[in-house]
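Each chain, letter by letter, is given below.
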Amino acid sequence: MTDNTITSRHIIDIVKYRFVWLCISAILLLPGTVSLIYSAIHNENHVPLKVGIDYTGGTILQYGVNKNITNDDITKTRESLEDVGIENPYIQVLKANNEGKNGLTNIVSIRTKFVGQDEDTVDKITETLSKDYDSPELISVSSVGPTLGKELFKNSLIAISLAFLGIIAYLSFRFKFDYALAAILGIAHDVLFVVGVFSLLGIFYNVQIDGLFITAILTVVGFSVHDTIVVFDRIRENLRYYSKKMSFGEIVNASVNQTLARSINTSLTTLITLGALYFFGGVTTKDFVLAMILGIAIGTYSSIFFCSVLVDIWEDKKNNKTPATKSPAAV
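Residues numbered from 1 in each chain as written. Predicted model: local features only at pLDDT ≥ 70, side-chain atom pairs only at ≥ 80, totals over all residues. Heavy atoms only, no water.

Moving on, we come to the environment of T56. As for its position among the elements, T56 is in helix 3 (residues 53-56). The class of T56 is partly exposed, set by a relative accessible area of 38%. Note: C-alpha distance between T56 and K150 (94 residues apart in sequence) is 6.6 Å. (Helix = DSSP H or I, 4+ residues; strand = E, 2+ residues; numbered from the N terminus. Buried < 20%, exposed > 50% of the residue type's maximum accessible area, 1.4 Å probe, protein only.)

With that settled, consider the pattern of salt bridges. Summed over all chains, the structure comprises nine salt bridges. The residue R262 makes a salt bridge to D227 at a minimum N-O spacing of 2.8 Å. In this pair, R262 is assigned in helix 9 (residues 248-280) and D227 in helix 8 (residues 211-242), connecting sequence segments 35 residues apart. The class of R262 is partly exposed, set by a relative accessible area of 30%. We note a salt bridge from E315 to K318, for which the minimum N-O separation is 3.6 Å. Separated by three residues within a single helix, E315 and K318 lie in helix 10 (residues 286-319), roughly one turn from each other. By relative accessible area, K318 is classed as partly exposed at 48%. Because the salt bridges share partners, they merge into one network encompassing R18, D312 and D316. (Salt bridge = Lys/Arg side-chain N within 4 Å of Asp/Glu carboxyl O.)

A few words on the sheet that holds strand 1 (residues 58-65). One open sheet holds the four strands; their spatial order is 2-3-1-4, and the pairing between them is antiparallel. Among the strands making up the open sheet, the edge pair consists of strand 2 (90-95) and strand 4 (137-144). Sheet twist, expressed as the average angle between the axes of neighbouring strands with direction ignored, equals 20 degrees. The pairing of strand 1 with strand 3 (residues 106-112) spans seven bridges and is antiparallel. The partner of I60 across the bridge, within strand 3, is R111. The strands touched by helix 4 (residues 71-83) within the sheet are strand 2 and strand 3, with strand 2 carrying the most contacts at an inclination of about 140 degrees. Sitting on the sheet, helix 5 (residues 119-132) touches strand 1, strand 3 and strand 4, and the angle it makes with strand 1 is about 35 degrees. (Pairing = 2+ DSSP bridges. Axes fitted to C-alpha atoms, helices over the stretch in contact; angles between N-to-C directions. Contact = heavy atoms within 4.5 Å.)

Below is the structure:
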């Protein structure tokens with residue numbers, strides 16, 4: 001009677017179609033991986049992503065304007081800045097929070113190379129914008145030096161590395177090394193997908209990453225491994241009671257299906273919140289929220305269809321037996 005309980009509610013046959021799930025993962029990761037390789041070859045300093053001034057050093061100047069700005073206006077402004085010697089200006093248009101005050105409706109944010117205390121360059125940019133917009137108001141100037149940018153980049157890599165090492169140590173202690181390795185590969189799967197998408201966005205839409213992107217990646221890592229631990233914990237629990245009555249593949253299948261509703265509900269509620277932030281939040285956080293949306297979506301997929309499948313494949317190889325293809329629903 002207990003065996004019927006564990007196998008009665010069955011939504012997806014994970015084990016039977018496990019190579020299908022692995023092929024889907026490969027398809028999801030391939031475009032981003034190709035983009036990362038292409039960018040690493042062609043980008044300056046051979047960085048696989050387009051990085052913002054947080055890591056390269058540079059200056060951001062923000063001007064308030066009193067008109068609605070189109071893509072043609074941005075293109076014209078960029079060309080005008082390049083004509084006066086401003087190299088590779090990156091222009092964003094932000095919605096002014098004080099719309100109606102002083103006639104400001106939008107903010108033109110211009111990122112360029114580090115100018116430091118070079119007031120002539122700032123004046124040159126201001127004069128150029130004055131030709132395209134009526135009385136642009138310089139709101140703020142912020143700079144990050146090249147040395148500080150490199151230090152921030154190094155600290156970001158250290159933070160990610162420590163997070164991975166901590167997760168490996170915890171999972172190895174909590175479960176087995178096989179489970180820890182599967183979880184780490186799942187995290188790498190999720191991070192590679194998000195980074196690959198942003199590499200593509202960098203190529204086609206000039207999207208740059210900053211410190212918030214690293215924050216998003218670390219958050220995605222935490223969410224992904226949390227979801228995976230829930231699945232692994234259920235597998236371990238079911239093994240205690242059903243290891244002599246069911247194959248390992250059947251236990252994996254039943255365990256994933258037992259946690260399926262919980263994983264989907266948790267991710268869906270989070271994605272609804274992030275969707276509201278993406279469409280109705282500020283422009284400056286859009287890339288951060290997008291990274292979170294992509295990471296949580298792919299993290300939910302990997303915990304269900306990738307990590308559990310890896311554990312089942314490795315267990316089959318250790319036991320040197322034919323993979324289980326029979327659905328637990330039929331047991």
